[in-house]
Amino acid sequence: VHLVESGGGLVQPGGSLRLSCAASGFTFSSYVMSWYRQAPGKEREWVATITSAGGSTNYVNSVKGRFTISRNNDKNTVYLQMNSLKPEDTAVYYCHATRLVWHYWGQGTQVTVSS
């Protein structure tokens, strides 16, 4: 099983980034996918979730209206479009897959929002 995040980097406040998470080794279309993040010195925080077929999404209040989670089950990839980025969005962003008792994590990608 592999979850490989990409798309992180350094961006100025107000800017945008699109994170991707490419999955392999499991039946991606059967799994609920989520993004989490962990800022320095803080606990890992849930950011957004999308159901297996992509019909429903949920977000932590702090990113509602700015971030959009989506998925392409043909490409086994989940995305996080991040707009109007703020310094407090700085963190390592992790991809997470879950179904019943199984769950998997990616290695993370760094997002830094700074001028």
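Given the structure is predicted, the values throughout are model-derived calculations rather than measurements. (Residues numbered from 1 in each chain as written. Predicted model: local features only at pLDDT ≥ 70, side-chain atom pairs only at ≥ 80, totals over all residues. Heavy atoms only, no water.)

1. Structural notes on a nonpolar patch on the surface
- Together, Leu100, Val101 and Trp102 make up an exposed nonpolar region whose accessible area comes to about 370 Å².
- Checked against the element boundaries, Trp102 lands in strand S10 (residues 102-105).
- Since its relative accessible area comes to 41%, Trp102 is described here as partly exposed. (Patch = residues over 30% accessible without salt bridge, like charges linked within 9 Å, V, L, I, M, F, W, Y side chains within 5 Å. Areas by Shrake-Rupley, 256 points an atom, 1.4 Å probe, with all protein chains shown as cover. Salt bridge = Lys/Arg side-chain N within 4 Å of Asp/Glu carboxyl O. Helix = DSSP H or I, 4+ residues; strand = E, 2+ residues; numbered from the N terminus. Buried < 20%, exposed > 50% of the residue type's maximum accessible area, 1.4 Å probe, protein only.)

2. Quick notes on the pattern of salt bridges
- For the structure shown, the criterion picks out three salt bridges.
- Residue Arg37 pairs with Glu45 through a salt bridge whose shortest N-O separation is 2.8 Å.
- Residue Glu45 is classed as partly exposed on the basis of its relative accessible area of 30%.
- For the salt bridge of Arg37 with Asp89, the shortest nitrogen-to-oxygen distance reads 3.0 Å. Note that Arg37 is positioned in strand S4 (residues 32-38) and Asp89 in the loop between strand S8 (77-82) and strand S9 (91-99), a separation of 52 residues in sequence.
- Relative accessible area serves as the criterion here: at 6%, Arg37 is assigned to the buried category.
- Since its relative accessible area comes to 0%, Asp89 is described here as buried.

3. Points about the sheet that holds strand S3 (residues 17-24)
- Overall, antiparallel pairing links the four strands, which are arranged S1-S3-S8-S7 in an open sheet. Lying at the two open borders of the sheet, with one neighbouring strand each, are strand S1 (2-6) and strand S7 (67-72). Mean inter-strand twist for the sheet, computed between neighbouring axes without regard to direction, equals 15 degrees.
- Of the pairings in the sheet, the one linking S3 to S8 comprises six bridges and is antiparallel in character. Considered in S8, the bridge of Ala22 is made with Thr77. (Pairing = 2+ DSSP bridges. Axes fitted to C-alpha atoms, helices over the stretch in contact; angles between N-to-C directions.)

4. Section: the environment of Gly9
- Looking at the secondary structure, you find Gly9 in strand S2 (residues 9-11).
- On the basis of relative accessible area, Gly9 is assigned to the partly exposed category, the value being 25%.
- A C-alpha to C-alpha distance of 28 Å links Gly9 and Phe26, two positions 17 residues apart in sequence.
- Discounting chain neighbours no more than four positions away, the residues touching Gly9 are Leu17, Gln110, Val111 and Thr112. (Contact = heavy atoms within 4.5 Å.)

5. Brief notes about the pairing of S1
- On S1, burial follows the alternation: Leu3 and Glu5 on one face are buried, whereas His2, Val4 and Ser6 on the facing-out side are not.
- Sheet topology note: the S1/S3 ladder contains five bridges and is antiparallel. Of the residues in S3, the one forming a bridge with Val4 is Ala22.

6. Considerations on the side chain of Ser20
- Here Ser20 is to be found in strand S3.
- Residues within four places of Ser20 in sequence aside, it is in contact with Val4, Glu5, Ser6, Trp35, Thr77, Val78 and Tyr79.

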